[in-house]
Amino acid sequence: MQACGADTPPKAVTRAFYYWKSSFQISSYEKQTLDTCGVNKLYIKAFDVDWNFSTKKPMLKAPTVFKDSLPAKMACVPVVFITNQTFKNIPDTSLNTLANFIQKQIKYVWTNKPYNEIQFDCDWTISTRLKYFKFLDLYRQYCQGKTLSATIRLHQIKFAHKTGIPPVDRGMLMFYNMSDWKKPQIKNSIYDLNAASQYTATLSQYPLALDLVFPLFRWAIFYRNNRFMTVINKLDTNTLDEQKFLKKEDNKYYVQHDIQAFGISLRKGDMIRAEELNQDELLKGTKALRKQISTQKLTFAFYYLDPDIISYYGHEQLQEIFSSFELPY
């Protein structure tokens, strides 16, 4: 492995976004973002697979409806999310049937759309590792020369000796959801470089070519009596700061009286934690990761493409974050 130094060449980076909605329809602002930022790859959720406890079989959920055609000259990757409970419950003898079922659904959902890579997203555990890895091996028969990739969580990097290395061509390191968001004492579960540093010490030794995805999304988490209640996406500090019924302490807000707000009933004493991240925090992360990831040719992606999310940053900031990962170090 090449030592880090002034003569270390910049990485060859493909810029990408995830598209994670139930219908594929790109707005003019989203198209402008892709063009301005030089993005030429999209990871698009094709569908989810979950376990049906009634039929005791895997079932298709939330297939994406394509209202727009895929962007011209854009590499588009279908992503299949499979719940961990699917692999907890499925017998080994049905894994080949699952692989066949998913391939049929890909052909149906992804009709006449070219792709050179398929990605599986599953937060597998030690108990489901063998089934998930066997499924990936079985699915290879349908790849026909295509790249097979899988998402990798930070804990699966740190505890690779227990969780194993998936039998795929590439891994997509999800550099977010770093802490347990159900715990009220956590500062920011989406993105916390201090928390991340506990997982990345062995990153350069990970024996799989890694791509990387950073978060852009934001949300607010509600607690009552220190118990997690719910999450509201896209609710940020700007909106919370405007509410007179809230008392702010850092990124936590305390409800001062019973009230109906944000589509839910709030009680006096409830706590709301706003989780978002700014450009500086993302730039610090790219600086750290470009040194730690040994893969020289990789994809750098943002999660996810949405007008409300990307307008929070703006094209100039997104362009700068993309560029920062491509710098020599």
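Remember, predicted model here, so these are calculated numbers, not experimental data.

Novice: Which parts of the structure should I look at to understand the nonpolar core?
Specialist: Ranked by size, the top nonpolar core spans 95 residues in total, and within it Phe17, Ile102, Phe120, Phe135 and Tyr139 carry the most contacts. Ranked by residues supplied to this core, first place goes to strand E3 (residues 41-52) with seven residues. Judged by nonpolar contacts, the second largest core, of 13 residues, contains Leu246, Tyr253, Ala261 and Leu266.

Novice: Can you walk me through the packing of helix H1 (residues 28-36) against helix H11 (residues 315-325) in this structure?
Specialist: Packed helix pairs are specified by the crossing angle of their axes together with the interaxial distance, meaning the distance between the axes. In contact at an axis separation of 10 Å, H1 and H11 are set at 35° when each is read in the N-to-C sense. In this structure, H1 crosses over H11, and the sense of that crossing is right-handed. Facing Tyr29, Gln32, Thr33 and Thr36 of H1, the residues of H11 in contact are His315, Leu318 and Gln319.

Novice: How should the pattern of salt bridges be read in this particular structure?
Specialist: Two side chains carrying opposite charge are able to pair once their charged atoms lie near each other. Applying the stated criterion to the full structure yields 16 salt bridges. One salt bridge in this structure joins Arg224 and Asp270, with 2.8 Å as the shortest N-O distance. Placement of Arg224 in strand E11 (residues 219-224) and of Asp270 in the loop between strand E16 (264-266) and strand E17 (271-275) is noted, with a sequence separation of 46 residues between them. Since its relative accessible area comes to 15%, Arg224 is described here as buried.

Novice: Mind showing me how you'd approach the sheet that holds strand E14 (residues 252-255) here?
Specialist: Sheet strands associate in pairs through backbone hydrogen bonding, adopting either a parallel or an antiparallel arrangement. Strands sit in the order E12-E11-E17-E14-E13 across an open sheet of five strands; the sheet is antiparallel. A single partner strand is all that each edge strand has here, and the edge strands are strand E12 (227-233) and strand E13 (246-249). Neighbour to neighbour, the strand axes of the sheet diverge by 25° on average, direction disregarded. Of the pairings in the sheet, the one linking E11 to E17 comprises five bridges and is antiparallel in character. Bridging from a neighbouring strand, Trp219 pairs with Glu275 of E17.

Novice: What is the right way to look at the pairing of strand E7 (residues 117-121) in this model?
Specialist: Where a strand is regular, its side chains alternate between the two sheet faces. Of all five residues in E7, five are buried, a share of seventy percent or more. Alternating positions in E7 separate into two faces, Glu117, Gln119 and Asp121 on one and Ile118 and Phe120 on the other, with burial throughout. The sheet contact formed by strand E6 (residues 75-82) and E7 spans three bridges and is parallel. Looking at the pairing, Val80 lines up with Phe120 of E7. Across four bridges, the pairing between E7 and strand E8 (residues 147-152) is parallel. Pairing of Phe120 across the sheet is with Ala150, part of E8. As a crossover connection, the stretch from E7 through helix H4 (residues 129-139) into E8 is right-handed.

Novice: What's the story with the side chain of Thr86 in this structure? I'm lost.
Specialist: Its place among the elements puts Thr86 in helix H2 (residues 84-89). The exposure class of Thr86 is buried, given its relative accessible area of 0%. Polar side-chain contacts of Thr86 include one of 2.8 Å to the side chain of Thr83. Residue contacts for Thr86: discarding those within four places in its chain leaves Val49, Asp50, Trp51 and Pro58.

The rules we used
Residues numbered from 1 in each chain as written. Predicted model: local features only at pLDDT ≥ 70, side-chain atom pairs only at ≥ 80, totals over all residues. Heavy atoms only, no water. Core = buried A, V, L, I, M, F, W, Y, C linked by side-chain atoms within 4.5 Å. Buried < 20%, exposed > 50% of the residue type's maximum accessible area, 1.4 Å probe, protein only. Helix = DSSP H or I, 4+ residues; strand = E, 2+ residues; numbered from the N terminus. Axes fitted to C-alpha atoms, helices over the stretch in contact; angles between N-to-C directions. Left-handed = near helix turned anticlockwise from the far one by under 90°. Contact = heavy atoms within 4.5 Å. Salt bridge = Lys/Arg side-chain N within 4 Å of Asp/Glu carboxyl O. Pairing = 2+ DSSP bridges. Right-handed = clockwise from strand over helix to strand, strands pointing away. Polar contact = N/O pair within 3.5 Å; in protein donor to acceptor, adjacent residues only side chain to side chain.

Everything listed here is a matter of geometry and, on its own, says nothing about what the molecule does.
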